[in-house]
Amino acid sequence: MSSETHPQHPYLPAEEQRTRNRPRRPVVICGAGPVGLTTAVGLARQGHPIVVLEKDSTYSIGSRAICWAERTLDIWSRLGCVEPILERSVTWSIGRVFRRGEEVYHFNLKPAANHKHPPFRNLQQYEVEAFLFQASQHLGNVDVRWTHQVTQVRQGPESVILEVQTPEGSYELEAAYVVAADGAQSAVRQSLGLDFEGAVFESPFLIADIRMKAAFPPERLFWFDPSFHPGRSALLHKQANNLWRIDLQLEPGADPELERSPERVAPRIRAMVGEGIPFDVVWSSVYTFKCRRLASFRHGRVIFAGDAAHQLSPFGARGGNCGTQDADNLVWKLDLLLKGLAPEGIIDSYSEERIFGADFDIMTAMRSNHFIAPQTRTRQLFRDAVLSLSQKWPFARPLVNSGRMSNPVPLRSSSLNTPDTDEFSATMGPGSPCPNIGVDVLEGEPSRWLLDELGKGFCGLYFAQDGEQLPAMQALGELAAAHIPIAMRVVTPAAIARGPELSPGVSLLVDPHGLVARQFDARPGTFYLLRPDGYVAARWREFSLQRVRQALERATARHPRTERASAEAGHGNAAS
Amino acid sequence: MGMLRVELGLERPDDVYDALMRTFDGLTEEQTQLVMAKLILLLANHIGDAQVLSEAMAIAKDDINQGGLAQRDPKIPPRQENAS
């Protein structure tokens, strides 16, 4: 139930309903949640006209995802839509864990020095959706169809036919590719008869958003066995606009219908927040932990992303952030495929890489689930032993697991990577995501951030010495002008006085204090090939036109080894 | 005192804890207790130092002597934490 009111988007009949035309759409996205809209904005910015089908007339009911990780903020930053989200969201860095009223452990996710975004910002999902929708509408080529519900999916060799239900009856829509971002109850997934594989826990939890003006700190507060909720766990976390997330573990076998009723919810929350603080319950729901995913995220021309592809339990903020990473991984691959610059195997690499990412999230979430809601007597015993020791003995505190917060997992073994052949420190190895670090600017100039400087496609970082004549300049220019262009950035310690002649597509990135060079363990001559999503594809101590071309082929799934690797990757299983 | 290490010594605590839990998955109550006892004896032998072991034993029994798991702390959770 929810008492929040969202803006209603009018139902409008589509071109397919108004005329007899049934144009073949390049991409139809099912679901206008954070994942569907991030995908829509990303593809639309590459010039593709996008249709988004949304079964509801408004944004998500209830806040759902609330913690957005640095990587997600970086993704939205590159898509030009992070500013209103930063402005509206709540900052926090400290998470505290209590046992019976005493703090046993805390973590502090301090903003990293010289990073554009902090580790986390909190904002309720429906507000994020509203901002992403607005960003999509500014682009002019995203057609979001509200109250258009996919009911059936038929795959053909050349396209997918979607049957779409509207208040005025149904119509058929043809798409070259379909992105199913329609949530855990995905109608697309159900229509194709696909099931999740993985684990479902029995212990029920009550999740609620309450509106209150309270002096609780903007921290993540987690309790084991508190006096206000004996024997179970509880969580309190701040959102924007005086909204607070509450998550309470319920007794085994609790009746979900009964427990989400206001008469049952209110006293539990009253016990938690204390007397004298007025609050309204604006949304509540009862759920159990689920950690599961599809065996493959690609089925023919249908590609699954977000909760439609994988379901994660909430402690650790892995659902929304895993889904946004899906979108980011998919956008550039689908873009190249639609432009005829990469084979369909590039979509298999999406499935391979994001299954790797989802499995990491599933494994991490499962460990938290086991700690928060132990399912065997032995696990309960060890959990209680850890909590008991943690009050006095430091070694036990890091073992206290109330959820490990989402972080992007490096894709170290991706088939798109070119393995290292030169000596480097491990930090930015192939498959590592680039952090959005500050690029030095002159005093008075506005801040500039690395990821925002890299352009929309592949990027090459060529680290050069001051005043160097750049013998590689002609080759850099050739790569910058190729049919899959690599935007070249020559990273130099100082603006080169007389400057080398820069070929088109090559520009200077001045790095006077060597911040970028240090991050990348670079020396003069070092070259990094970065994918459009800012992941490292390859790196060498010395630039070679031939090697960069080969690495680009591999990173776009045009390398013969890629096909074998992705065929093998299809058989992986969820960690359990 | 000070022989027993009470600061974190595990390199990857979550991995180790998970592996430990998996050791007991699927065991009966009796089997679990037997495996636990053997595990403690193995680790005790590896440690060797009787002084260290005796400190560990004392800490492990610490809150049992104070009433242990049956006693509940009546204090309400702190509400006004400083952000520092």
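Here the structure is a predicted model, which means the values were calculated and not measured. (Residues numbered from 1 in each chain as written. Chains lettered and ligands numbered in written order. Predicted model: local features only at pLDDT ≥ 70, side-chain atom pairs only at ≥ 80, totals over all residues.)

### Observations concerning the overall build of chain A
No. 1: A count of helical and extended segments in chain A gives 15 helices and 26 strands.
No. 2: Taken over the C-alpha trace, chain A has a radius of gyration of 25 Å; the compact-globule value for 576 residues is 25 Å, and the two agree within 12%.
No. 3: Each principal axis of the C-alpha atoms in chain A carries an extent, and together these give about 75 × 65 × 50 Å.
No. 4: Classification of the 576 residues of chain A by burial places 50% in the buried group.
No. 5: Across chain A, every contact between residues at least 6 apart in sequence was considered, and the portion connecting residues at least 24 apart equals 73%. (Helix = DSSP H or I, 4+ residues; strand = E, 2+ residues; numbered from the N terminus. Rg over C-alpha atoms; globule rule 2.2 N^0.38 Å. Buried ≥ 20, exposed ≤ 12 C-beta atoms within 10 Å, placed from the backbone. Contact = placed C-beta atoms within 7 Å.)

### Remarks on the overall build of chain B
No. 1: Counting its secondary structure elements, chain B contains 3 helices and 0 strands.
No. 2: Traced from its N-terminal end to its C-terminal end, chain B shows the element sequence α-α-α.
No. 3: Here chain B holds 84 residues, and the buried ones make up 2% of them.

### Focus: the nonpolar core
All names here are of chain A.
No. 1: Of all hydrophobic cores here, the largest spans 128 residues; its most connected members are Val178, Val179, Ala180, Ile303, Ala305, Tyr462 and Leu530.
No. 2: For this core, the element with the highest residue contribution is helix α10 (residues 345-372), accounting for 10 residues.
No. 3: Residue contacts for Ile303: discarding those within four places in its chain leaves Tyr177, Val179, Ala180, Phe297, Arg298, Leu330, Ile347 and Tyr350.
No. 4: Listed in part, the 33 residues of the second largest apolar core include Leu206, Ala208, Leu221 and Leu389. (Core = buried A, V, L, I, M, F, W, Y, C linked by C-beta atoms within 7 Å.)

### A look at the sheet that holds strand β14 (residues 233-238) of chain A
All names here are of chain A.
No. 1: Within the open sheet, the 8 strands sit side by side as β6-β5-β13-β14-β15-β12-β16-β19. Their pairing is mixed. A strand with exactly one partner marks an edge of an open sheet, and here the two such strands are β6 (102-108) and β19 (310-311).
No. 2: Across 13 bridges, the pairing between strand β12 (residues 197-212) and strand β16 (residues 279-293) is antiparallel. The residue bridging Val200 from the neighbouring strand is Lys290, located in β16.
No. 3: Sitting on the sheet, helix α8 (residues 262-273) is in contact with β12, β14, β15 (243-249) and β16, with an inclination near 95 degrees to β16.
No. 4: Here α10 sits on the sheet and contacts β12, β14, β16 and β19; the angle it forms with β16, its principal contact strand, is near 115 degrees. (Pairing = 2+ DSSP bridges. Axes fitted to C-alpha atoms, helices over the stretch in contact; angles between N-to-C directions.)

### A word on the domain arrangement of chain A
Residue and element names in this part refer to chain A.
No. 1: Considered domain by domain, chain A is made up of domain 1 (15-91 + 118-197 + 291-367), domain 2 (198-290), domain 3 (369-399) and domain 4 (438-555).
No. 2: Taking only C-alpha atoms into account, the centre of domain 2 sits 22 Å from that of domain 3.
No. 3: Opposite the 6 residues of domain 2 that make contact, domain 3 presents 5 residues.
No. 4: Taken together, the residues that form the side of domain 2 that touches domain 3 break down as 3 nonpolar, 3 polar and no charged. (Domains from an automatic or database assignment. Nonpolar A, V, L, I, M, F, W, Y, C, P; charged D, E, K, R; others polar.)

### Things to note about the confidence of the model for chain A
No. 1: Per-residue pLDDT for chain A averages 92, and the proportion of residues at 70 or more is 95%.
No. 2: Contacts for the low-pLDDT stretch residues 562-576 of chain A, under 50 throughout, to residues beyond four places or in other chains number 30 contacts. (pLDDT = per-residue confidence, 0-100.)

### Focus: the pairing of strand β23 (residues 486-492) of chain A
Residue and element names in this part refer to chain A.
No. 1: Buried residues dominate β23, accounting for 7 of its 7 residues.
No. 2: Burial along β23 is two-sided: the residues Ile486, Met488, Val490 and Thr492 and Ala487, Arg489 and Val491 are all buried.
No. 3: Bridging between strand β22 (residues 458-463) and β23 involves 6 bridges; their strand directions are parallel. By the bridge assignment, Leu461 is partnered in β23 with Arg489.
No. 4: Bridge analysis of β23 against strand β24 (residues 506-510) gives 5 bridges, and the strand direction is parallel. Within β24, the position partnered with Met488 by the bridge is Val506.

### A few points about the environment of B:Val16
No. 1: Structurally, B:Val16 is set in helix α1 (residues 13-24).
No. 2: Measuring from C-alpha to C-alpha, the distance between B:Val16 and B:Met3 comes to 23 Å, with 13 residues separating the pair along the chain.

### Quick word on helix α12 (residues 473-480) of chain A
Residue and element names in this part refer to chain A.
No. 1: The complete set of buried residues in α12 reads Leu476, Leu479 and Ala480. With its buried residues spanning 100 degrees around the axis, α12 presents them on a single face.
No. 2: Close packing links the buried residues of α12 with β22, β23, β24 and α14 (545-555). (Arc of directions from axis to C-beta.)

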